[in-house]
Structure formats: C-alpha cells, structure tokens
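Spelled out, the chains give:
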Amino acid sequence: MNLQNKRRKRILDQKGFTVWFTGLSGAGKTTLADRLEPILRERGLKVEKLDGDVVRTHLSKGLGFSKEDRDTNIRRIAFVAQLLTRNGVAVITSAISPYRETRQEAREMIGNFVEVYVKCSIEELARRDVKGLYAKALRGEIPNFTGISDPYEEPLNPEIVVDSEKETVEESLNKIVTRLEELGYLPKVDVAVGAK
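In what follows, the accompanying structure is described. (Residues numbered from 1 in each chain as written. Predicted model: local features only at pLDDT ≥ 70, side-chain atom pairs only at ≥ 80, totals over all residues. Heavy atoms only, no water.)

**Structural notes on the overall build of the protein**
What counts, and what does not: The secondary structure listing takes helices from DSSP runs of H or I that are at least 4 residues long and strands from runs of E that are at least 2 residues long, numbered from the N terminus. Remark: exposure states derive from per-residue accessible area (1.4 Å probe, protein chains only) relative to the maximum for the residue type, with buried under 20%, exposed over 50%, and partly exposed in between. The contact definition used throughout considers only heavy atoms, calling two residues in contact when any of these lie within 4.5 Å. Note on areas: Shrake-Rupley, 1.4 Å probe, and residue coverage restricted to the protein chains presented here.
Summing up its helical and strand segments, the protein has eight helices and five strands in all. Traced from its N-terminal end to its C-terminal end, the protein shows the element sequence α-β-α-β-α-α-β-α-β-α-α-β-α. Evaluated residue by residue, the protein yields a buried proportion of 44% over its 196 residues. Considering only residue pairs separated by 6 or more positions, the protein has 76% of its internal contacts joining residues 24 or more positions apart. A total accessible area of about 10800 Å² is found for the protein, and carbon and sulfur atoms account for 52% of it.

**Regarding the nonpolar core**
Short version of the rule: Only buried residues count toward a nonpolar core, which is a set of Ala, Val, Leu, Ile, Met, Phe, Trp, Tyr and Cys residues joined through side-chain atoms within 4.5 Å.
Counting 32 residues, the largest nonpolar core has Phe17, Phe21, Leu36, Leu40, Val116, Ile176 and Leu180 as its most contacted members. Considering every element that reaches this core, the biggest residue donor is helix H2 (residues 29–42), with five residues. Formed by 13 residues, the second largest nonpolar core is a distinct cluster that contains Trp20, Ala81, Val89 and Ala106.

**Considering the pattern of salt bridges**
Here is the rule we go by: Salt bridge, as used here, is a side-chain nitrogen of Lys or Arg placed within 4 Å of a carboxyl oxygen of Asp or Glu.
Under the criterion given, the structure shown has 16 salt bridges. With a closest N to O distance of 2.7 Å, arginine 139 and glutamate 141 form a salt bridge. Residue class for arginine 139 comes out exposed when judged on its relative accessible area of 53%. A single network of salt bridges, built from pairs that share partners, joins Asp34, Glu37, Arg41 and Lys49.

**Re the packing of helix H4 (residues 67–86) against helix H5 (residues 100–110)**
Note the threshold: Fitting a line to C-alpha atoms yields each axis, with helices limited to the stretch in contact; the angle taken between N-to-C directions then spans 0 to 180 degrees. When describing relative orientation, an angle under 35 degrees is termed roughly parallel and one over 145 degrees roughly antiparallel, while 65 to 115 degrees is termed roughly perpendicular and anything else oblique. Handedness of a crossing follows from how the near helix is turned relative to the far one, being left-handed for an anticlockwise turn of less than a right angle and right-handed for a clockwise one. Residue polarity follows a fixed list, in which Ala, Val, Leu, Ile, Met, Phe, Trp, Tyr, Cys and Pro are nonpolar, Asp, Glu, Lys and Arg are charged, and the others, Gly among them, are polar.
Interaxial distance between H4 and H5 falls to 9 Å at its minimum, and their mutual angle equals 15 degrees. Between H4 and H5, the angle falls in the class roughly parallel. Note on packing geometry: the crossing formed by H4 with H5 is right-handed. Two secondary-structure elements touch here, H4 through Asp71, Ile74, Arg75, Ala78, Phe79, Ala81, Gln82 and Thr85 and H5 through Thr102, Glu105, Ala106, Met109 and Ile110. Partitioning the contact of H4 with H5 into residue classes produces seven nonpolar, three polar and three charged.

**Points about the side chain of glutamate 181**
The line we're drawing: The term polar contact refers here to a pair of N or O atoms within 3.5 Å; inside protein, the definition further demands a hydrogen-donor-capable atom paired with an acceptor-capable atom, and it admits residues adjacent in sequence only when both atoms are side-chain atoms.
Position of glutamate 181 among the secondary structure elements: in helix H8 (residues 169–182). In this structure the side chain of glutamate 181 is engaged in a polar contact, spanning 2.8 Å, whose partner is the side chain of arginine 43.

**Looking at the packing of H2 against H8**
Where H2 contacts H8, the two axes come as close as 10 Å, and the packing angle between them is 50 degrees. Taken together, the axis directions place H2 and H8 in an arrangement best described as oblique. The element H2 and its partner H8 pack so that their crossing is right-handed. Here Thr31, Leu32, Arg35, Leu36, Ile39 and Leu40 of H2 come into contact with H8, specifically with Val169, Glu170, Ser172, Leu173, Ile176, Val177 and Leu180. Taken together, the residues that form the contact of H2 with H8 break down as nine nonpolar, two polar and two charged.

In short, the description is geometric, and any link to function would need to be established separately.
Put into structure tokens, the structure is as follows:
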C-alpha cells in the first residue's frame, strides 16, 4: 500500500477526539492551537479548530460575560465539538472556559476529551498584554475580568499542563504531541524508508 493510500485509510479509520485548551486570556491557547493544527493534518487527520473568540462572533453573538452567558458559550462549543468528534474529526478548541463544572460537562458530552491547561501567572500576563487590559482590570476599570475580578478555576486533573511562562512554544507543543501519541489519538511519525 503506497503512502497516499495509507493516509486515506488512516483518515477513514480516524477516531475523533477533542483537544480542549483552557487558561487565562493571553496565556497562549490560540498560539498553541494554531501550531497544533498543521501537525495533526500532516499526520493524516481531519481537523477543525474552534477558537473561543471566533465562536463568540458567529455562534454566540449577543452573549455577555455573566457566568450564565460564559457557560452557554462553552456548552455551544462543546456541542459542536461533540458532533465533529463523533464523526472522526480531531477538534481543537481554545477558550478560557473558566469554570470546572462546565468543562466537566464538556468532557462528559464529548467523550474523547484531552484537557490542556495553559498555565501562566497574572504578573506575566499583565507584562505581555499590549492592550493593557490586565492593568485596567487590576485597577478595577474592567468588571468581570477572568482571573482578576471573576474566577478562573484551574483544572484539577488535566491530561496535559504546559507553562507558557517557563516553556517555549516548541517545548509546550512537543509535550502536547507526545501525550496525544501516548493516549493513542495521534499516530506516531513513520520512520522514512531507508533512514539510517
């Protein structure tokens, strides 16, 4: 069987799963999701990415930032992720998803769920923030700002923890890819024929 036929067979046999990035605003969720997507495609998987900001614009327009609205947004992302996952798609989501209970609902709804906690301190996030939102939130100028005036509940048992303050993007990405391979969701790279 040639390489192209192997890839087609792999796509047909693909088990769907969702990689759920969670973490504070500016921690690096979208950066890692954007970098993971082509790796999954190169391994022959069907992939869809659901970015929290994009979903808010197209699927959750009109929702605010109350707990109820945030939960509704996450439930909508989880519903779409579940539909894609059960149809053999590798789904990548990147949304703050601040509440444990709602993330647990997403896990139970989706099934094949890999939680990636992108960890970063408030001090580092404020330093990185070119828009100055963290500084404003710390001064009390922005209400309901996750991690400052609104809670962010860290995952208790995520499959993967990356620390964007201490790791490079490449180090974090390598950790994610390795764990997806270990969990059996991502096929390992084939060794090239004739490689020494």
